[in-house]
Each structure stands twice: as C-alpha cells, then as structure tokens.
Amino acid sequence: MTLATLSTSLSARFRRIPLPILAVIAILITMVLLAALAPWIAPADPSRQDLFARLKPPGFVGRSGITYWFGTDDLGRDLLSRVLYGAGVSLGVALLSVIVSTLVGVSLGMIAGWFRGWVEVVIMRLVDIMMSIPAVLLAVLTVAVLGPGFLKLVLVLGLTRWPRYTRVAYGQTLQVANLPFIKASELAGAGAARILFHHVLPNIAGPVLVVATAEFGLMILTEAGLSFLGLGIQPPTPSWGSIMSVGREYVERAWWIVLFPGLSLFFLVFSVNLLGDWLRDQLDPRSRTR
Amino acid sequence: MSDTHQVLEIRDVAVHFNGRSGLFGRSQFVVKAVNGVSLDIAAGETVALVGESGCGKSTLSNTIVGLQQPVEGSIRIAGEEVVGARGKALNDIRRKVQMIFQDPALSLDPRSTIGAAIAEPLIVRGIARGEALKSRIAKLLTEVGLRPEHADRYPHQFSGGQRQRVVIARALALEPALVVCDEPVSALDVSVRAQILNLLVALQKRTGVAYLFVSHDLSVVRHICDRVVVMYLGRFVEIADRDTFFANPKHPYTKALMSAVPEADPRLQRSRERLILTGELPSPSNIPPGCAFHTRCPLATEICSRVRPELTSRADGSTVACHHV
C-alpha cells in the first residue's frame, strides 16, 4: 500500500467523527495544551505561599490584587496554578506508565500464548505472583529501594501494572492462534514474529486498548495515592493526586481544593475512556463501511 | 519408492496425542487419532478422504501439511521426505503443500485486506515484491473469478463464496503440487457450492495440482474425485476408484455411509434398504481390539474382535480391510 492510498484510507476512516468524540478530543487537546503551557499561563508561582491567604474560596482577591479563581490551599498557594502545573505531572506519569506496562504486558502475553510450553508456565505463574502482591505494597517497596522521582514513578507503575495486560493478551492470543487464518500464515511460511505482529496483534488490539484506557485513569489515581504516601511526586511539585490528598483533610472547610483537581481528573479519565471505546470500534474493519 | 509422478507418498503414518485427566493429570492416556495409514496421490489427481467426525480426517490432513507431527511413518512430498526435515529444507518442501479450510470466514485475517492475504506467501518466501507482486495478486484474483481491484478490500466485504475464492487464490499463490481441501464447501450455501467445486476442477486442469479432498458429503465426492479413501477410527478401511466405489461399495462401514445419502426419488428412497449403524463412534483413546468397527458392524463375528483385518486387494482394483467381504 502506497502512502497516498494509506492516507486516503485513513481520512476515509476518520471522516465522520461523531460530535461527542470531537468534544472529547477537544477536551484532551485543551488539557494537554494547558499542561504544556502552564509556566506561561499560570497566574502565579504554584509553590509561592501566602499564609495570610490560607484556604480562601474561589474568586478571592489577594492583597497584591491577584484573583485566586480556584481559591487557595492550606498554605495559601494559588490552586489554579497548582492544578495547571499538576496536569503535566499527572498526564505524563499516567501516559508513560501505561505505555511501559502495555509494551511489557502485551509482549509477554503474546509470547506466552503463542509459544506455550514452559515459556507459558513461567510467564503466567509470574503474572499470578505479581497479581497476588498488592500493587501499592509493591510500589512502596520499589520506591523505598529506588527513591522517589518522576521517571522512577513511571517505571514503578509501568512494571507493576503489566500483569493485567498479559492476562488479556494471553487469553486473546490463545483464541486467535487456533484460527485457520493463523494456520494459513504458517503454511505460507511466516515466522513467529511476522504472525504475532501482522496477525495476532491487530486482532487482540481492541481488548488491550480497553484495558489501557481503564488503566490510564487508574494510573493517575495510583500516582495520587503514592504521592499521598510521600512516595510519588515530591512536594512542592504539584500533582492532582497530591493536591487532592492534602485537600481531603480540609474538605469540610475548603471543598474547592478537592473539587478542581477532582473535576479535571474526572474529565480527563472520562474523555480517555470514551475515546478508547470509539477508537477500538474504529480499528475494527468490520464496523466500518456499512 | 520415489516415483516422481507421485506428489504425496505417506507410509504407515501414525499421529498420537497425549492426554491427561484427573487431578494433577495423574491418569494419562493416548489418543490414537491416526494409526498407520499409507496413501499415494499422483499429480493432477483428486483423492477424497471420507469418514465421520472424529475419525482422524482432520488430523491426517494437518499432518500432511505439516501443522502436526506424526509419531511414526514417512511423508514424502514430490519425492522429498518431510518427517525429520528441518529449517530451510522443510520450508522448501512445505510450499508445495497448501490447504483450503472449511470456514472461509475464519480462514482470512479480518484485519488484513485480501490483497495482503494473498501477498503474504509471496512476500515471506521472497518470490515477488513491488509491481511484480501487484500484478501477481491481480492475476491470482482473476484466476479465481474475482477482480484485481478487490485487493484493497477486507474479508467482511465479501460473501462466503467469494471469500473461499480468495482462500483458493492464496493457496495457489505458491504454485503447490498438492492442496489439502478440508471440507471446502460444507460451510457454503448450497447455491455456491457448485461454483467453487467447478473452480477447483478448472484450476486443476490448468495447473495440474493434486487435491486431497476431505469431506463427509458423498455427493460432492462423487462430483469431483478420482479415488475415494474411507477412514474409520484412524485407519483406512476401503480405498477404491470413484466408479467402483459408488457402484460397488464393499466394507460394511462404507455401505452404511452410502445408505445415509438421501435419494432424490422418493419411491426409490422408500424401497431402499437402509443400513443404520447402532451406537456411537468409539473413543480414539480406547480403540476396540481386532477390527475397530466390530462394535457397530452388522457382519461382525468372533474373529473380528480378535484379529485386525489388513487392507487387501480385490478383483476390481479396490482394497478393503474386512474379514467378511
């Protein structure tokens, strides 16, 4: 297939994007842009404290004349700026750790499902072991050994969350591997790598994508939990999780601290899940051209 | 014995599976799916393999194309031994045998265009690329009665019959000497069966390919085959030329199969003597001693449960494994 025919088939594929999906894509693009531009558009330094302006409600006008649109937190920091800066951290951690765990999990699952035998036993027993250890405990242990940090957090999340992808990829591979079109490829002379990438992967991508979008939201929440325990992003760097975990203590007096990062999180996870669902349908040729 | 006109020579091939049952797989058993069969197929010949479900037809065809390994015996394809061959040698032999599967809906990758499906064997074997590949695909599509511009479409955009044409095109892409057809029309509408069968016949006339035609539909077998092999519980029980086979079936199991074929004329149908087998096909993990068929055979006597009858030649050229015919 030449590049030209590929691009026409792609544009045909995405030509009629339903309105809700367009809205969702717009939300995601806006969030990514806001996160990326945080240093330029944030009204204040996210870690500048003003103890005279602690726990002020949204719309409060400070002494220096700046308006705190989202209110302030327990140390008098501008919540809007903290949410903007935190977006980058939360998005980055979630996206990267989902990519890491998908790559690791899906490869292992396909290998286990395709080669069977002792490879399957080793990988799937490892999955059982990983799933029986509480993920947070494992993350705590790993961070305790490696120390905290953005990339380490990504690695910890990525390397503890792969078993779910492995289970799904393994089961799907087992199903697909017995279909006649896989046998036909074997008879055509295709090797394991070609069969796995050309025939198995595209046919198991749908369920994997669904797991990945569900995990994306979970990653943000796990990051929040780890940050809350002091094992994730270190203060004063804000992340949605750490803002919310602090805000939890003040929720009766200052509901806005939890509300704004929570709403952002809700829209992000909701959008990703909707988009993932739609993408899965789009990637299935059977649901097109009808 | 390596007559170059034989595209397939199998000798005493047996395929067994190890099964386990019970807690922790403590009780083991062996499923003897194919149990010492020998068969030659000449170039351009069509041989039918018939028998009921579970008799080992599919296992035998998978073994011939190399998806399954025999525990003993020899399989030669165009004079070259497959059993024990490895690496490139095996790959070179393999391309001479291809397979057409029963359900065309499952034998094409729903995520690949049909052009990509037909191209795969040519790409993997490094036979053609670029423009040459394109024209090769176009030619194959035309040969099976489709249009070259269909190459960019996906399998779900075709009907069952058209998909089976695509499967045939892919099987023929490597110009094989033998194509194993595993019930190629049984999943299709009756109205398109004849078209597909005629296509197979026409392609055989042009390319000289041999077919091993696995089926349980005797009317299809009668239409297309030169020779018929009847299989029961992993062994051949009767081998005969088509005309001999249909005019004078000998083995009691064959007779039972034939009497199960409905007759179009109701008066004839009513007057016919129906031979109805009692009981189920015994499990291939527990094959009866002696003649495997004796548990269901109307002619069975004492010797049948003790001594297994060998395939022996008869005056009309057929070979039958039975003590009583």
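Quantities reported herein were computed from a predicted structural model and do not represent experimental measurements. (Residues numbered from 1 in each chain as written. Chains lettered and ligands numbered in written order. Predicted model: local features only at pLDDT ≥ 70, side-chain atom pairs only at ≥ 80, totals over all residues. Heavy atoms only, no water.)

**A look at helix H2 (residues 19-36) of chain A**
Between the first and last C-alpha of H2(A) there are 26 Å, a value that for 18 residues agrees with the 26 Å anticipated at 1.5 Å per step. Lining the buried residues of H2(A) we find helix H3 (38-41), helix H4 (79-115), helix H10 (240-247) and helix H11 (256-283) of chain A. (Helix = DSSP H or I, 4+ residues; strand = E, 2+ residues; numbered from the N terminus. Expected span 1.5 Å × (residues − 1). Contact = heavy atoms within 4.5 Å.)

**Regarding the nonpolar core**
By size, the foremost hydrophobic cluster in this structure holds 58 residues, and its most contacted members are B:Ile100, B:Ile168, B:Leu200, B:Phe213, B:Val228, B:Tyr232 and B:Phe245. For this core, the element with the most residues is helix H5 (residues 160-172) of chain B, which contributes six residues. A domain-level breakdown of this core finds at least three residues from each of domain 1 (6-225) and domain 2 (251-325) of chain B. What B:Ile168 contacts, discounting residues up to four positions off in sequence, is B:Ile100, B:Val144, B:Ile196, B:Leu199, B:Leu200 and B:Leu203. Counting residues in each nonpolar core, the second largest holds 56 residues, with A:Ile220, A:Met244, A:Leu265 and A:Val272 among its members. (Core = buried A, V, L, I, M, F, W, Y, C linked by side-chain atoms within 4.5 Å. Buried < 20%, exposed > 50% of the residue type's maximum accessible area, 1.4 Å probe, protein only. Domains from an automatic or database assignment.)

**Remarks on the side chain of B:Gln164**
Residue and element names in this part refer to chain B. Looking at the element boundaries, Gln164 is found in helix H5. Residue class for Gln164 comes out buried when judged on its relative accessible area of 0%. Setting aside anything within four residues of it in sequence, one finds Gln164 in contact with Ile100, Phe101, Gln102, Pro104, Pro184, Leu188 and Ile196.

**Remarks on the packing of aromatic side chains**
All names here are of chain A. Counted by the stated rule, this structure contains seven aromatic pairs over all chains. Ring plane angle 65 degrees and centroid distance 5.4 Å describe the contact between Phe266 and Phe267, whose orientation is recorded as edge-to-face. By the ring-pair criterion, three or more aromatic residues cluster together here, those being Phe266, Phe267 and Phe270. (Phe/Tyr/Trp six-rings, centres within 6.5 Å; stacked < 30°, edge-to-face > 60°.)

**Some thoughts on a nonpolar patch on the surface**
Residues and elements named next belong to chain A. A contiguous nonpolar patch, built from Val251, Trp255, Leu259, Leu263, Phe266, Phe267, Phe270 and Leu274 and spanning about 710 Å² of accessible area, is present on the exposed surface. Counting through the fold element by element, Val251 comes out in the loop between H10 and H11. On the basis of relative accessible area, Val251 is assigned to the partly exposed category, the value being 41%. (Patch = residues over 30% accessible without salt bridge, like charges linked within 9 Å, V, L, I, M, F, W, Y side chains within 5 Å. Areas by Shrake-Rupley, 256 points an atom, 1.4 Å probe, with all protein chains shown as cover. Salt bridge = Lys/Arg side-chain N within 4 Å of Asp/Glu carboxyl O.)

**Examining the pattern of salt bridges**
Scanning all chains against the criterion turns up 21 salt bridges over all chains. Put simply, A:Arg164 and A:Glu215 hold a salt bridge, and the shortest N to O gap is 2.7 Å. One end of the pair, A:Arg164, is in helix H7 (residues 150-177); the other, A:Glu215, is in helix H9 (residues 192-228), with 51 residues separating them in the sequence. Among the residues examined, A:Glu215 registers a relative accessible area of 0% and is labelled buried. The shortest N-O distance in the salt bridge between B:Arg11 and B:Asp40 comes to 3.0 Å. Taken as a pair, B:Arg11 in strand S1 (residues 6-21) and B:Asp40 in strand S2 (residues 27-42) lie far apart in primary sequence, 29 residues in all. Among the ionic contacts, a cluster of salt bridges with common partners joins A:Arg125, A:Asp128 and A:Arg167.

**Concerning the sheet that holds strand S9 (residues 227-232) of chain B**
Residue and element names in this part refer to chain B. Spatially, S6-S7-S8-S3-S9-S10-S12-S11 is the arrangement adopted by the eight strands of the open sheet, whose pairing is mixed. Of all the strands in the sheet, just strand S6 (97-100) and strand S11 (312-313) have a single pairing partner and so form its edges. In this sheet, strand S8 (residues 210-215) lies alongside strand S3 (residues 46-50) in parallel orientation, the contact comprising five bridges. What sits directly across from Val50, in S8, is Ser215. Against the sheet, H5 contacts S6 and strand S7 (178-182), and its axis sits at roughly 175 degrees relative to S6. (Pairing = 2+ DSSP bridges. Axes fitted to C-alpha atoms, helices over the stretch in contact; angles between N-to-C directions.)

**Section: the packing of H4(A) against H9(A)**
Residue and element names in this part refer to chain A. It is the contact of H4 with H9, at a shortest axis distance of 8 Å, that shows an interaxial angle of 145 degrees. As for the relative orientation of H4 and H9, their crossing is right-handed in sense. Partitioning the contact of H4 with H9 into residue classes produces 20 nonpolar, three polar and two charged. (Left-handed = near helix turned anticlockwise from the far one by under 90°. Nonpolar A, V, L, I, M, F, W, Y, C, P; charged D, E, K, R; others polar.)

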